[in-house]
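Take a look at the letters that make up each chain.
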Amino acid sequence: MQDWNELRQLSSDMIKDVQIIMNPGVEYDSSVTAVIKITTLRPTGEGLGGYVAAEAGKGDDFKHNEWLFLNYRKKNTDVFVNGYLTNGVTRGEHEEGFSFTHHGDEYNAVGKGLEKNKYNSLNLYAGFNHQPSKTQYLSMQYMCNSSFRFDTHMALENSFIGGDENSLFSSVADGRQPRSRHSLSAYYSNQFCEILSLKLDGMLAHVSSDVENNETEDRTGRPVTVSTNTDTKSDVYALKAVMTANLGGGKLNFGMEEAYTKSNLDYNASQQGNDDIQGFETESKQASTSFFADYQMNLGALFIDAGLRYDLIDFKYYKDGVKRNEDCKKYNHLFPNLSLSYQVGRFSASLGYKVTVERPSYSNLQSGVRYNNSYTYVEGNPLLRPSYVHDISVMMVYKNLLAVFDYYNIKDADYQVLNLYQDQPIIIYNRMNFNHHGWMVNLSYSPTISFWKPTFQIGVAQQDLEYLGRKYNTPCLNYSWKNVLSFPKNWTIVFNMDGHTKGDGQFYTSEKALVNYTDIYIAKRKANWTFRVGMKDIFHTFKDNGYDQIGDITHRHWTDLRQQYVYVRCIYRFNSTKSKYRGGDAGTSELNRL
């Protein structure tokens, strides 16, 4: 699936099977850590079918979303057009503070105020699926994701105390962040014979954004405006081939994937006397080739999946038109995968080991200092290395009880840190690589009690991370309580709640939120119609509250996200001749980095 909106169009009678793959094989990209595989039923019938939905909500402001999914089927061909439009306004209260030491003096900087965002976006999918024979399948899709409006406004009252300065000043930051993505994908499969099949998956994509920000402060006694523009254009090309052969009582998957990415960033700033911020242009080019093979077989009640993936990466980096050899890198790495699964009766267990990679986003690889406000800057790091994650997982299921244990060891984790900029009382955000490990235990229980189906989940996670003499290993306990109540005549009530204790994640410490997020809705299905009335963030408790402590720098962050609102959703389905694009896996990890 391309996004959550495709999942939204599925009703329970369209789903044949749902499988959670905790240890996905090497056929998936080396950055994939888990997969939810949904097998749908192909409804019979021809002609025009579809799905139309609209949602309207009211909190601090009015918001609305519309969805349209149309499919026309004629014999072995489906033509589909899917789209959804989102419009709305979000508001929040924001407070951010820094305390640090510079040349023996204590500094404190605090900004507090309101933020407001206006957004409009359109996502459009169009394509066809064609089955020329019982053994062949061909599919193509064009996709356009456009955030043609995302305007931000933040008005803060600030204080900066330290050294010879004790100032109170106002600031206003206005931003415009339009973004777009266009892609063309193609998929082909052929079952040559009972023991051999082929899948081909290709994709071309163009991603662009043009971000403008204007930040005005009166810190010096007169208004000073810094205007910045970040123009980014990126292209991705990818092709993946997978052969499957029935061999020795099992199944052998093998193949290769090629991907090429080019990302250009042009940053300009009008700084009015601030010589720290200079414009720059960067270009990143990456060519990757992957070879993979895995073998799956059943030995009685035992299922074995073992595989190996080999990635070759060639990364080139240019700044202001000059190739920077010290920032160019070549990588080659093996990614083994082993999964053992056992099932008898209503008990099943699995043991898995895998190595995955998390590659830095292209924006984090850009060198050059970017302006946030007069006392905080942002800088990328082209020397960032990929993060390699070695993971061991154990999962056991008995009836309605699920237990998961996971241990991970990360080499070169890519995390954000805080420093002082060039021995000035200015905070700069940048990124570095770290080695550390951690673990997680999760338990869930999902009984069915008459018309009530609750799910109780509790988990605890802890990392072992240390930097500059400080340990970041406070465990975090989290829970969720989900409830589905099914009544006669297709009435349903759903209530969800979650929360967590105080705990560390990377260098950020989240304060406790025993009741973090709650929502409820009532739904009614009648013939082809589904109606839903609900409320998000019932108790207005959904907030982002925590702090970073790195060296002698402390950064506190508090945001009231103001997500509380009531909404009404109406869905109409007609002639369920539904179809969807089958491909979409090639190049996905590169798109995520953009």
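Residues numbered from 1 in each chain as written. Predicted model: local features only at pLDDT ≥ 70, side-chain atom pairs only at ≥ 80, totals over all residues. Heavy atoms only, no water.

A few words now on the overall build of the protein chain. For the protein chain, the helix and strand inventory stands at two helices and 34 strands. By the compact-globule yardstick of 25 Å for 594 residues, the protein chain fits well, its C-alpha radius of gyration being 26 Å. Principal-axis analysis of the C-alpha atoms gives the protein chain an extent of 80 × 55 × 45 Å. Within the protein chain, contacts between residues at least 6 apart in sequence are counted, and of these 64% link residues at least 24 apart. Surface accessibility of the protein chain: about 29500 Å² in total, with carbon and sulfur atoms responsible for 57%. (Helix = DSSP H or I, 4+ residues; strand = E, 2+ residues; numbered from the N terminus. Rg over C-alpha atoms; globule rule 2.2 N^0.38 Å. Contact = heavy atoms within 4.5 Å. Areas by Shrake-Rupley, 256 points an atom, 1.4 Å probe, with all protein chains shown as cover.)

What follows concerns the environment of Ala586. Among the secondary structure elements, Ala586 is positioned in the loop between β34 (565–574) and α2 (588–593). Once the C-alpha coordinates of Ala586 and Asn473 are considered, the two residues, 113 residues apart in sequence, prove to be 37 Å apart. Other than its neighbours up to four places away in sequence, Ala586 contacts Asp201, Gly202, Met203, Ala238, Lys240 and Glu257.

Moving on, we get to the pattern of salt bridges. Within the structure shown, the criterion is met by 23 salt bridges. Notably, a salt bridge pairs Arg324 with Asp327, separated by 2.6 Å at the nearest N-O pair. On the basis of relative accessible area, Arg324 is assigned to the partly exposed category, the value being 25%. Ionic pairing is found between Asp412 and Arg385, a salt bridge with its closest N-O pair at 3.0 Å. Here Arg385 lies in the loop between β19 (376–379) and β20 (387–398) and Asp412 lies in strand β21 (residues 401–420), a separation of 27 residues in the sequence. Of the residues examined, Asp412 reaches a relative accessible area of 7% and is grouped as buried. (Salt bridge = Lys/Arg side-chain N within 4 Å of Asp/Glu carboxyl O. Buried < 20%, exposed > 50% of the residue type's maximum accessible area, 1.4 Å probe, protein only.)

The next subject is a nonpolar patch on the surface. Where nonpolar side chains cluster on the molecular surface, the patch consists of Val81, Leu122, Leu124, Met140, Tyr142, Phe148, Leu184, Leu204, Tyr237 and Tyr260 and spans about 820 Å² of accessible area. Contributing elements (two or more residues each) for the nonpolar patch: β6 (105–133) and β7 (136–162). A total of three residues in the nonpolar patch trace back to one element, the largest contributor, which is β7. Within the fold, Tyr237 resides in strand β11 (residues 224–247). (Patch = residues over 30% accessible without salt bridge, like charges linked within 9 Å, V, L, I, M, F, W, Y side chains within 5 Å.)

Residue position: Leu85 is located in strand β5 (residues 77–102). We classify Leu85 as partly exposed; its relative accessible area is 28%. Measuring from C-alpha to C-alpha, the distance between Leu85 and Leu124 comes to 8.8 Å, with 39 residues separating the pair along the chain. When neighbours within four sequence positions are excluded, Leu85 is seen to be in contact with His64, Asn65, Glu66, Ser121, Leu122 and Phe148.

Here the focus is the side chain of Arg73. You can see Arg73 is positioned in strand β4 (residues 62–74). Using a relative accessible area of 2% as the deciding quantity, one classes Arg73 as buried. In terms of polar contacts, Arg73 uses its side chain to reach the side chain of Asp78, at 2.9 Å. (Polar contact = N/O pair within 3.5 Å; in protein donor to acceptor, adjacent residues only side chain to side chain.)

In this section: the packing of aromatic side chains. Evaluated as defined, the whole model comprises 26 aromatic pairs. Each ring, one from Phe434 and one from Tyr467, has its centre 5.0 Å from the other, and the planes form 80°; the classification is edge-to-face. Of this pair, Phe434 sits in strand β22 (residues 427–445) while Tyr467 sits in strand β24 (residues 466–467), and the two are 33 residues apart along the sequence. The pair Phe434 / Tyr467 is uniform in exposure class, with both members buried. Ring geometry for Trp529 against Tyr572: centres 4.7 Å apart, planes inclined by 45°, an arrangement best described as tilted. Here Trp529, found in strand β31 (residues 529–536), pairs with Tyr572, found in strand β34; they are 43 residues apart in sequence, far enough to count as distant. Residue Tyr572 is classed as partly exposed on the basis of its relative accessible area, which comes to 28%. One aromatic cluster is present, formed by Phe98, Phe100, Tyr107, Phe160, Tyr375 and Tyr429 through successive ring pairs. (Phe/Tyr/Trp six-rings, centres within 6.5 Å; stacked < 30°, edge-to-face > 60°.)

The next subject is the pairing of β19. The two faces of a sheet get side chains in turn, since along a regular strand they alternate between them. With four bridges connecting them, strand β18 (residues 369–373) and β19 associate as antiparallel partners. Its bridge partner lying in β19, Asn373 is registered against Thr376. From the end of β18 to the start of β19, which pair antiparallel, there are two residues. Alignment of β19 against β22, held across three bridges, turns out to be parallel. Of the residues in β22, the one forming a bridge with Val378 is Tyr429. (Pairing = 2+ DSSP bridges.)

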